[in-house]
Amino acid sequence: MFNWLKKKKGKKDNRDTQKELLKNKQQEQSFQGLFELANHSKDFVVYHHTGRTKCVLSYYKTLSGSKFLNDSILPPLKKHTLFTLEDIKEKVPVENAYITNDLKKIKENITQGFVIIRLNEKDEEVLLIPATKNEGRSISIPEVEYSVVGPKEAFVENLDQNMNLIRKRLPIPELTMREVSVGNLTKTRIAVVYVDGIANNENVNTVLQRLDDIQYDQIIDSSFITQMISDNSNSPFPQSLDTERPDRVVGTLVEGKIGIVVDGSPHALTVPTTITEFFSSSDDYFLPWHLATAFRLIRLFAIFFSVLSTPLYVAILTYHHEMIPQELLATISSSRADIPFPPILEVIILELTIELLREAGARLPSKIGQTIGIVGGIVIGTAAVEAGLTSNVLLITVALAALASFTTPVYQIGNTVRLVRFPFIVGAQMWGLIGVSMCMGIFLGHLMNLQSIGRPFFAPLYPLRFHDLRDAFIRLPFNQQKKRPMQMRPVHSARFNPELVKGKRDIDE
Amino acid sequence: MNKHSSSIEGLSIPENLLITPTYVFFLIHAMQVGVGILGFETYIAKYAGFDAWISILLGGLGIHVLLWMIYHILQDSKGDIVSVHKNIFGKYLGGFFSLMFSLYFLLLTLTVLRSYIEVIEVWIFPELQLWLFTFVFVLIVYYFVKSGFRVVTGLCLISVILALPILLLKFFPILEGDVMNLYPTVDHSVGEILRGTQKSVLSFLGFELLLVFYPFIKNPHASKSWAHFAVFFTVSIYLITAIVSFVYFSEGQLQYVIWGTITLWKIVEFPFIERFEYIGIAMWFYVVLPNIALALWAASRIPKRVLKIKQKYVLALFSIILIVVCCMFTDRQAIDKLNSVTSKIGLYVLLYIPVLFVLSKIMVKVRNRDEA
C-alpha cells in the first residue's frame with residue numbers, strides 16, 4: 001500500500017521529509033526559535049520563579065502534571081538558594097533529570113512532558129526534568145476477544161502499561177524489548193518483544209529492519225504497522241496476528257514468535273503467523289483437548305460454510321438443478337416460486353443487506369446497534385420473504401453464513417471472510433461449481449504464495465509439517481506438545497524435558 | 001525467484017527453493033493421476049477384457065522399472081534431462097532433444113487441458129464459451145507456474161489431499177455391482193493382456209517429469225523410495241478404479257461407456273444431494289490443475305536451460321499457444337485424435353528412457369576408462 005510512497009521519496013531521509021512537512025525549519029534551528037514556536041500554544045507555560053532560587057521553568061501544562069510540579073520540583077527551589085543547574089539537579093528529588101544544551105534533545109523531551117529549567121531566559125543550557133503525566137483508561141476486560149474462562153485483562157493504549165502486562169506474565173530476563181520510533185510526525189514508540197534464546201534472530205532482524213524502513217508521517221494504530229510491514233500488502237489476508245490479550249501474546253512469545261506493541265494502540269501484533277492461527281482462539285487452551293478440538297473443527301466448518309454456502313446456492317440453482325434430490329426440490333422450488341429474480345441477484349441483494357446491517361451495527365453505539373440488529377434481522381428479513389423478493393431457503397443460508405463468519409476468533413480475518421465470498425459468488429454465476437473450484441484454486445495459490453515475515457503463511461499445510469499439525473486444526477493435549485512449532489524456527493525447540501515426565505503406572509501401583 | 005533466474009546455468013538452485021524428498025511422492029502421484037483416470041477403463045478393457053487388472057499390474061511393474069532407470073540416469077549426470085542430453089549427444093543435438101521434450105510436455109498440457117474441458121462440455125455446460133473458459137483456466141495455471149516450483153509442489157500436495165476423499169465414493173458402485181462379472185479370471189491370451197498393458201502404461205504417464213524437477217529435490221537419494229511409493233499408490237488407485245468399474249459394468253456395456261468413473265459418480269446419492277458427477281468434475285479441477293501447472297512448468301523450464309532465455313517469457317509464449325491451440329479443437333473426433341497422438345508420442349518417450357539409460361551407462365563406463 002505504501003510502496004509507492006517509498007519509491008517516490010527515494011533516498012530522502014527522515015529529516016528531509018520533515019522539512020517538507022513542517023515549514024518552520026528556521027525557527028526550530030535556534031534555541032530562541034524553539035521557544036517562540038512553543039509559545040504560540042496556549043498550554044505552553046513559561047514561569048519565572050522568584051524567591052530564593054531565581055530560574056525560569058517552562059513546560060506544557062497539558063503534558064506535565066501540575067501536582068508533580070508542586071510536590072517535587074517547586075519545594076526544593078523554594079527551600080534552598082541555588083545558583084547553578086547542577087545544584088538544582090542535586091536538590092530536586094527526581095530520577096533521570098539531566099543538563100544539556102543539545103537542541104534536538106530538548107525539543108524531543110519538551111514534547112514528551114519534561115519540565116525545562118533555565119537560570120536565565122537567555123541561557124542555552126537547560127535542566128530537563130521528566131514530569132510526564134500519563135492519562136489513559138485503566139485496564140479493562142477484553143471485548144473483541146472475549147472468553148468465558150481464562151484471564152480477563154486486555155491491553156490499553158499506554159505502551160508501558162502494556163509492557164507491564166506482558167512482563168508480569170513472563171518474569172525472565174530473557175524477555176527482551178527493543179524500541180524503535182516510527183512516524184515522521186507522530187514519532188510513535190514501537191516495542192519489539194521477544195524471548196532471547198527462543199526466538200529466531202533472523203525473524204527479529206527482519207521485523208526491526210521492516211520497522212526501520214517504514215516511511216510515513218503517522219502511525220495511529222498497530223493496524224498501520226500490520227499493513228506496512230506485511231510481505232504482500234495487496235493481500236486481503238492479514239499477515240500478522242493482532243490481539244488485545246496479554247496472555248495470548250505471552251503464549252506466542254514462548255513459542256518463539258515476536259510481539260510488536262505500538263504505543264497508543266490496545267492491540268499487539270505477533271509475527272510470524274499462519275493461516276491456522278487465525279482460527280484458533282485462546283479458549284482452545286482453557287478447555288480439555290478433545291472439546292477444544294471439536295470446537296476448532298466446528299469453527300473450521302463454519303468458515304467454509306460462510307464462504308461457500310451462498311456461492312453453492314447460486315451454482316446449484318442456476319446450473320445444476322439435477323443435483324437436488326426430488327424431495328428437497330419441492331421445498332426449494334415452492335420457496336422460490338414467486339421470486340422474480342435469478343439466484344445471483346437474490347443472493348447479492350441479501351448479502352449486501354447483511355453487510356449493510358453489520359456495518360451499521362458496528363458504527364452505531366452499542367445500545368442502538370442492538371436495535372438495528374433486531375430490526376434488520378427480523379423485520380427486513382421477514383418482510384423481504386413475504387414480499388417475494390428472496391426465498392426462505394436463501395434467507396436461512398445467508399443468515400447462517402453471517403453467523404458462521406462471527407465464529408472467527410480474530411476480528412481481522414472475520415473481515416476477510418466477509419469479503420472473500422463475493423468473488424466466489426461471481427465464479428459460481430459464471431461456471432457453476434467449476435467456477436467455485438477455480439476461485440478456490442486462485443485463493444489456494446495466493447495463500448501458498450503468502451509469507452509472514454519471510455515464513456510461509458500456509459504452513460503447516462504447505463510446507464507440510466506434521467509436528468505443527470498437533471496444534472492447528474486439532475489441539476492435542478499439552479503433554480503431546482513436546483516441541484515448539486517449527487514455523488518460527490525457534491533456537492530452542494524443546495518445551496520441556498520428556499524424560500522428567502512420569503511414566504504411566506501399571507494397574508494397582 | 002530473483003536469485004533463481006539470475007543463475008543462468010540453472011542447476012545451482014538456491015536452498016530455499018528446494019523441496020524435501022517427501023514431496024516427490026505428491027509430485028509424481030499428482031502428475032500421474034489426471035483426466036485419464038476418468039475414462040481409462042474402456043481403453044484397457046478393449047483388448048484384455050476384464051482381465052485388464054493384470055495389465056494394470058504389469059504396466060505398474062514396467063513403470064517401476066522405468067522409474068528406477070530414470071533415477072540411474074539422473075544420478076549419473078547429477079543434473080536434469082538437459083544436462084543428460086548435453087553429456088550424451090553434445091550441445092546442439094542434445095539441446096534439440098531437450099527441446100523436443102519441452103514440446104512433448106506442452107503437448108501433454110494441451111491434451112490434459114482440452115480433455116478436461118471436453119468433460120465439462122459434455123457433462124455440464126454443452127454451450128461453454130470455450131475461449132473465455134480456456135483463457136481463465138490458463139491464466140490460473142500461469143499464476144501458479146509464475147509463482148515457482150515450490151507453489152506448484154504445494155498445489156500437488158493439496159490436490160492429492162482433496163482428491164483422496166473422492167475415492168470413498170467407489171463404495172456406492174460396489175454396493176450395486178456384481179462381483180461375478182470378474183469371472184472367469186484369465187481367459188485372455190498373453191498377447192491380449194500385453195496389448196492391454198501397453199494401454200495401461202499410458203495412463204501412468206507423468207512420472208517422467210522427474211527428469212526436469214530432479215535438481216530441485218533436496219536429498220535426491222532419499223526421494224527414491226517416495227517416488228516408487230507414489231507409483232505404487234497410483235497403480236493401486238487405478239487398480240481399484242478399474243475393478244470397481246468391472247464389477248459395476250458388464251463387459252459389453254463398458255465398451256459404450258466413455259467416462260466410466262464419471263458415470264459411476266452419477267449413482268451416488270445422499271439425502272441432500274445427488275448426481276455427484278457435478279461435484280466430482282468440479283473437484284477434478286484440483287487434480288487437473290497441478291497436472292497442467294507442473295507440465296507447463298517443465299515445458300517452460302527446458303528452453304530456459306537450453307537457450308538461456310528467461311522462463312517467464314517462455315511461459316507467456318506457451319500460455320498463449322495453449323489458449324490458441326486449445327480453442328482450435330472443437331469436435332470430439334479432433335480431441336480423440338489429439339489424445340491418441342499424445343499417447344503414441346508418450347509411448348515413444350517411454351521407449352526412449354531405456355535407450356537413454358543404456359547410453360548413459362555406456363558414457364559412465366567410457367569416462368571411467370578414460371580417467372583410469
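Reading guide: rules and limits
- Residues numbered from 1 in each chain as written.
- Chains lettered and ligands numbered in written order.
- Predicted model: local features only at pLDDT ≥ 70, side-chain atom pairs only at ≥ 80, totals over all residues.
- Helix = DSSP H or I, 4+ residues; strand = E, 2+ residues; numbered from the N terminus.
- Contact = placed C-beta atoms within 7 Å.
- Core = buried A, V, L, I, M, F, W, Y, C linked by C-beta atoms within 7 Å.
- Buried ≥ 20, exposed ≤ 12 C-beta atoms within 10 Å, placed from the backbone.
- Domains from an automatic or database assignment.
- Axes fitted to C-alpha atoms, helices over the stretch in contact; angles between N-to-C directions.
- Parallel < 35°, antiparallel > 145°, perpendicular 65-115°, else oblique.
- Left-handed = near helix turned anticlockwise from the far one by under 90°.
- Nonpolar A, V, L, I, M, F, W, Y, C, P; charged D, E, K, R; others polar.
- Pairing = 2+ DSSP bridges.
- pLDDT = per-residue confidence, 0-100.

## What about the overall build of chain B?
Within chain B, the secondary structure is distributed over 17 helices and zero strands. For chain B, the C-alpha atoms occupy an extent of roughly 65 × 45 × 35 Å along the three principal directions. Sequence-distant contacts in chain B: of pairs separated by 6 or more residues, those separated by 24 or more amount to 84%.

## Comments concerning the overall build of chain A
Counting its regular elements, chain A contains 18 helices and twelve strands. For chain A, the spread of C-alpha atoms along the principal axes amounts to about 100 × 70 × 45 Å. Taking contacts inside chain A between residues at least 6 apart in sequence as the whole, the part at least 24 apart equals 64%.

## Some details on the nonpolar core
Grouped together as the largest cluster of nonpolar side chains are 196 residues, with contacts concentrated most on Ile 260 of chain A together with Ala 293 of chain B. In terms of residue count, the dominant contributor to this core is helix 15 (residues 277–307) of chain B (20 residues). Of the residues that make up this core, three or more belong to each of domain 2 (159–273) and domain 3 (287–455) of chain A. If we skip the residues at most four places from it in the chain, Ile 260 of chain A touches Ile 190, Val 192, Val 207, Ser 222, Ile 225, Ala 268, Leu 269 and Val 271 of chain A. Counting residues in each nonpolar core, the second largest holds 19 residues, with Leu 82, Ile 88, Leu 127 and Ile 129 of chain A among its members.

## Quick notes on the packing of helix 15 (residues 343–363) of chain A against helix 17 (residues 392–405) of chain A
Residues and elements named next belong to chain A. At a minimum axis distance of 10 Å, the contact between helix 15 and helix 17 shows a crossing angle of 40 degrees. Comparing their axes, helix 17 and helix 15 come out oblique. In this structure, the crossing between helix 15 and helix 17 has a hand that is right-handed. Across the interface between the two elements, Glu 346, Val 347, Leu 350, Glu 351 and Ile 354 from helix 15 touch Leu 394, Leu 395, Val 398 and Ala 402 from helix 17.

## Structural notes on the environment of Val 190 of chain B
With respect to the element layout, Val 190 of chain B can be found in helix 10 (residues 190–203). On the basis of neighbour counts, which here come to 9 C-beta atoms within 10 Å, the residue Val 190 of chain B falls in the exposed class.

## Considering the interface of chain B and chain A
Opposite the 25 residues of chain B that make contact, chain A presents 20 residues. Breaking the side of chain B that touches chain A down by element, the ones donating at least two residues are helix 7 (130–146), helix 8 (149–167) and helix 15 of chain B. Looking at the side of chain B that touches chain A, the element that brings in the most residues is helix 15 of chain B, giving seven residues. Taken together, the residues of the side of chain B that touches chain A sort by class into 21 nonpolar, two polar and two charged.

## Overview of the sheet that holds strand 1 (residues 44–49) of chain A
Two modes of strand pairing occur in sheets, parallel and antiparallel, and in both the strands are linked by backbone hydrogen bonds. All names here are of chain A. Taken together, the five strands give an open sheet; going across it, the order is 1-2-4-5-3, and neighbouring strands pair in antiparallel fashion. The open sheet is flanked by strand 1 and strand 3 (98–100), the only strands paired with a single partner. The average angle at which neighbouring strand axes cross in this sheet is 25 degrees, direction not considered. As paired strands, strand 3 and strand 5 (residues 126–130) are joined by three bridges and run antiparallel to one another. Along strand 5, the bridge assignment pairs Thr 100 with Val 126. Sheet strands in contact with helix 7 (residues 103–110) are strand 3, strand 4 (114–118) and strand 5, and its direction is about 135 degrees off that of strand 4.

## Examining the domain arrangement of chain A
Accessible area lost upon the coming together of the parts is a frequently used measure of interface size. Residue and element names in this part refer to chain A. One can read the domain layout of chain A as domain 1 (3–130), domain 2 (159–273) and domain 3 (287–455). Distance between the C-alpha centres of domain 2 and domain 3: 33 Å. Opposite the 16 residues of domain 2 that make contact, domain 3 presents 13 residues. Contributions of two or more residues to the side of domain 2 that touches domain 3 are made by helix 9 (201–213) and strand 8 (241–243). Ranked by residue count, the leading element in the side of domain 2 that touches domain 3 is helix 9, at three residues. Considered class by class, the residues forming the side of domain 2 that touches domain 3 number seven nonpolar, seven polar and two charged.

## Describing the confidence of the model for chain A
Residue and element names in this part refer to chain A. Model confidence for chain A is summarised by a mean pLDDT of 86, while 94% of its residues fall at 70 or above. In the model of chain A, helix 1 (residues 3–9) stands out as the element of lowest mean pLDDT, 47, in contrast to strand 9 (residues 258–262), which has the highest, 95. Confidence over residues 4–15 falls short of pLDDT 50; this stretch has seven contacts with residues more than four positions distant or in other chains.

## Points about the pairing of strand 4 of chain A
Residues and elements named next belong to chain A. Pairing between strand 2 (residues 55–60) and strand 4: three bridges, direction antiparallel. Residue pairing for strand 4: Val 56 is matched across the bridge by Arg 118. Sheet topology places strand 4 next to strand 5; four bridges connect them, and they run antiparallel. Residue Ile 117 lies in a different strand from strand 5, and its bridge partner there is Leu 127.

## So, the pairing of strand 6 (residues 175–182) of chain A
Residue and element names in this part refer to chain A. Note: strand 6 against strand 7 (residues 188–195), eight bridges, orientation antiparallel. Across the sheet, the residue bridging to Val 180 is Ile 190, located in strand 7. Where strand 6 hands over to strand 7, the hairpin turn is made up of five residues, of which Gly 183 adopts a positive phi near 105 degrees.

## Brief notes about the environment of Tyr 104 of chain B
Residue and element names in this part refer to chain B. Within the fold, Tyr 104 resides in helix 6 (residues 91–123). By C-beta crowding, Tyr 104 is classed as buried, having 21 other C-beta atoms within 10 Å. Sequence-distant contacts of Tyr 104, defined by excluding residues within four places in its chain, comprise Ile 345 and Val 349.

## Details of the sheet that holds strand 6 of chain A
All names here are of chain A. Taken together, five strands build an open sheet; the order of strands is 6-7-9-10-8 and the sheet is antiparallel. The open sheet terminates on both sides in strands that have one partner only, identified here as strand 6 and strand 8. Averaged over all pairs of adjacent strands, the angle between strand axes in this sheet comes to 25 degrees, irrespective of strand direction. Taken strand by strand, helix 8 (residues 159–169) contacts strand 6, strand 7, strand 9 and strand 10 (268–271), and its axis lies near 10 degrees from that of strand 7.

## Digging into the confidence of the model for chain B
Residues and elements named next belong to chain B. Looking at chain B as a whole, the pLDDT averages 88, with 97% of positions reaching at least 70. Across residues 1–9, where pLDDT falls below 50, the model places nine contacts with residues more than four positions away in sequence or in other chains. Note on the complex model: pTM 0.88, ipTM 0.90.

## A word on unusual backbone geometry
Of all residues except glycine, most have a negative phi; of all peptide bonds, most are trans. With omega at 0 degrees, the peptide bond leading from Ala 459 of chain A into Pro 460 of chain A counts as cis. Position of Pro 460 of chain A relative to the elements: it lies in the segment after strand 12 (455–456). Backbone torsion omega between Tyr 462 of chain A and Pro 463 of chain A reads 0 degrees, so that peptide bond is classified as cis. Relative to the elements of secondary structure, Pro 463 of chain A occurs in the segment after strand 12. Although it is not a glycine, Asn 96 of chain A sits at a positive phi angle of roughly 65 degrees. Even without being a glycine, Lys 78 of chain B presents a positive backbone phi close to 55 degrees. For Lys 78 of chain B, the position within the fold is in the loop between helix 4 (52–77) and helix 5 (81–89).

## Describing the environment of Leu 74 of chain A
Structurally, Leu 74 of chain A is set in helix 5 (residues 66–79). When the C-alpha positions of Leu 74 of chain A and Thr 293 of chain A are compared, they lie 62 Å apart, and in sequence the two are 219 residues distant.

## Re the packing of helix 2 (residues 22–32) of chain B against helix 15 of chain B
All names here are of chain B. Contact geometry of helix 2 with helix 15 gives a least axis separation of 8 Å together with a crossing angle of 105 degrees. Classified by the angle their axes make, helix 2 and helix 15 are roughly perpendicular. Counted together, Leu 27, Ala 30 and Met 31 of helix 2 and Pro 290, Asn 291 and Leu 294 of helix 15 form the full contact between these two elements. When its residues are assigned to classes, the contact of helix 2 with helix 15 shows five nonpolar, one polar and no charged.

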